[in-house]
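Examining the three-dimensional arrangement
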Amino acid sequence: MKNKFPIFIHHPYLIYLDAAATTQRPQVVLDAMDAYYTQYNANTGRGVYQLAETATQKIEDVRNQVAQYIGAADASEIVFTHGTTTSINLVGQSWALKNIKPGDEILVTGYEHHANFIVWQQLCKQIGASFKVIPVDQSGQLLINSISDWVTPKTKLVAITHVSNALGFTNPYLNQLITAANQVGSRVLIDGAQAVKSMSIDVQRLECDFYAFSGHKMYGPTGVGVLYVKKSVQHEMAPSVFGGGSVNSVTATETVFLPFPYGYEPGTLPIAEIIGLGAAITFIQSIGLKTLQKHTNQLINQLLDGLHQFKQIKILGSQELLRATGTLVSFTIQGIHPHDVAAFLDTHNICVRAGHHCAQPLAQFMGYDASIRISFGIYNDKQDVEKLIQVLKELFKSNLL
Ligand SMILES: Cc1ncc(COP(=O)(O)O)c(C=O)c1O
């Protein structure tokens, strides 16, 4: 599989274990973007000439493709953004500012990435609403007890991650929280950044109102993301980013915006990137989500087995959940800072992430400053894990510890 990814031609010895930050891109994605720039480069939405119509049609094809990929009922529920962060901020500005009132509650979990945390924390301060965070214990479990303690008649938005980017498993309370939210009439936003590259997503079955993700974490390019907005919620929103291409008419006093999703896509779209995202979805589908999931699962289990021999290593979160649904493994090593571990691995061409992974509240709940995170893509193989374990053995023999 590595031969489908040009980075490994340029770096034949590279062991890239940081897919959770961004995946590598296969040649087919780069080719699709290149084809746009070299064969039908034109701005979309406006032109009446053939080249512009071809580019516009491609964008709409990808919109349909995304809708099908995540099980949306209609392509008009798909807004192109610049990534998960912009998608979530868009919900904040276009939905929450209109619908959250002083005294209302927004609920998140202690698992959230900053992108799905700070937006709600700051918005609640601005509005005078209450920002509620379900805490996490030292073993990485959500301290929920009773769901009704958290999801109350005052809850207006439950904003939760699908898969934790720091612990690597699916939020075990995802469905319960969604059901409870729907029962009290709260809206539900799911941060799918870490889920989309290997899980089958069905936004209708999930019963969420918003679903956000980024192209670059699913073999697509940077600079493009998606916000799914369920049709029945669209009337509760108003555009919050303004500019050309998103309007029906403008006078000196009034603007009439285009219907969903175009009213929410002002300015020039990241056209090449959207086309690249479409190619990434086709790439994923050509492998098959079941195969991708099985592949990740095998590597996670191999890694967990390998890490067991090191007494100084503490795996974060439930190993049972990781073995079942894990997409990455985070750990700490007694007596050595994660940055030093990452730097040591880098001297052996192994790229891993070290830090708080933009989930500082989780680190505070669980009582660590930073961790080492290993995350896999389809280009990783058994040998990558073997090499990692071998280099970790060298680390333990070195005088760094
Ligand atoms: C769970 C989660 N949410 C949100 C984000 C933010 O994604 P982006 O930087 O592409 O906007 C990330 C990125 O690491 C993530 O892992």
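Residues numbered from 1 in each chain as written. Predicted model: local features only at pLDDT ≥ 70, side-chain atom pairs only at ≥ 80, totals over all residues.

Re the overall build of the protein chain
Under the convention used in this document: A run of DSSP states H or I qualifies as a helix once it reaches four residues; a run of E qualifies as a strand once it reaches two. Both are numbered from the N-terminal end. Here the globule rule is a power law, 2.2 Å times the number of residues to the power 0.38, and the radius of gyration is based on C-alpha atoms. A residue is called partly exposed when the number of other C-beta atoms within 10 Å of its own lies between 12 and 20, exposed at 12 or fewer, and buried at 20 or more, with C-beta atoms placed from the backbone. Note that contacts rest on C-beta atoms placed from the backbone: two residues are in contact if these are within 7 Å.
A tally of regular secondary structure across the protein chain gives 14 helices and 15 strands. Its C-alpha atoms give the protein chain a radius of gyration of 22 Å, near enough to 21 Å, the size a compact globule of 401 residues would have. Dimensions of the protein chain, computed from C-alpha atoms along their principal axes, come out at roughly 70 × 55 × 35 Å. Looking at the 401 residues of the protein chain, the share that counts as buried comes to 46%. In the protein chain, the proportion of contacts linking residues at least 24 apart, taken out of those at least 6 apart, comes to 70%.

A few points about the domain arrangement of the protein chain
To keep it simple, the criterion reads: Marked domain ranges trace back to an automatic or database domain assignment. Here the nonpolar group is Ala, Val, Leu, Ile, Met, Phe, Trp, Tyr, Cys and Pro; Asp, Glu, Lys and Arg are the charged ones; every other residue, Gly included, is treated as polar.
When the domains of the protein chain are assigned, the result is domain 1 (2–17 + 288–397) and domain 2 (28–285). In this structure, domain 1 and domain 2 have C-alpha centres spaced 28 Å apart. Each partner contributes residues to the interface: domain 1 has 24 residues there, and domain 2 has 26 residues. When the residues that make up the side of domain 1 that touches domain 2 are grouped by side-chain class, the tally is 14 nonpolar, 10 polar and no charged.

Description of the site of the ligand
Going by this rule: Only the C-beta atom, placed from the backbone, is used; a residue is near a molecule or strand if that atom lies within 6 Å of it.
The local shell around the ligand holds 13 residues, among which Gly83, Thr85, Asn165, Ala193 and Ser214 are the closest. Of the residues contributing to the shell around the ligand, the split by class is three nonpolar, nine polar and one charged.

Things to note about helix α5 (residues 118–127)
This is how the line gets drawn: Working definition: the arc comes from the directions between the helix axis and the C-beta atoms, pointing outward to the latter.
Taken as a whole, α5 has its buried residues at Val119, Trp120, Leu123 and Cys124. End-on view of α5: buried residues confined to an arc of 120°, all on one side of the axis. Structural note: α5 exposes Gln122, Lys125 and Gln126 on the side pointing more than 90 degrees away from its buried face. Those residues of α5 that are buried are in contact with α4 (84–99), β3 (105–109), β4 (130–134) and β5 (155–161). Positive backbone phi, at 90°, marks Gly128, one or two positions downstream of α5.

Here's the deal with the sheet that holds strand β11 (residues 313–315)
For clarity, the threshold we go by: Pairing between strands is defined by DSSP: at least two bridges between them are needed. Every axis in this analysis is a line fitted to C-alpha atoms, fitted for helices over the stretch in contact. Angles between the N-to-C directions lie between 0 and 180 degrees.
Spatial ordering of the open sheet is given by β11-β12-β15-β14, a layout of four strands whose pairing is antiparallel. Two strands lie at the open edges of the sheet, namely β11 and β14 (353–355), each paired on one side alone. The average undirected angle you get between the axes of adjacent strands in this sheet is 30°. Pairing of β14 with strand β15 (residues 371–375) involves three bridges; the strand directions are antiparallel. Within β15, the position partnered with Gly355 by the bridge is Ser371. In the packing of helix α10 (residues 289–307) onto the sheet, the strands contacted are β11, β12 (328–333) and β15, and the crossing angle to β12 comes to about 15°. Seen against the sheet, helix α12 (residues 338–346) touches β12, β14 and β15 and runs at an angle of roughly 160° to β14.

A closer look at the environment of Phe283
Within the secondary structure, Phe283 is located in helix α9 (residues 271–287). Judged by C-beta crowding, with 20 C-beta atoms within 10 Å, Phe283 ranks as buried. Ignoring anything within four residues of it in the chain, the contact list for Phe283 reads Pro26, Val28, Val29 and Tyr219.

A closer look at the environment of Gln194
With respect to the helices and strands, Gln194 occurs in the loop between β6 (187–191) and α8 (203–206). Taking the C-alpha atoms as reference points, Gln194 and Asp61, separated by 133 residues in sequence, lie 24 Å from one another. Once residues lying within four places of it in the same chain are set aside, the contact partners of Gln194 are Ala20, His162, Val163, Asn165, Lys217 and Thr327.

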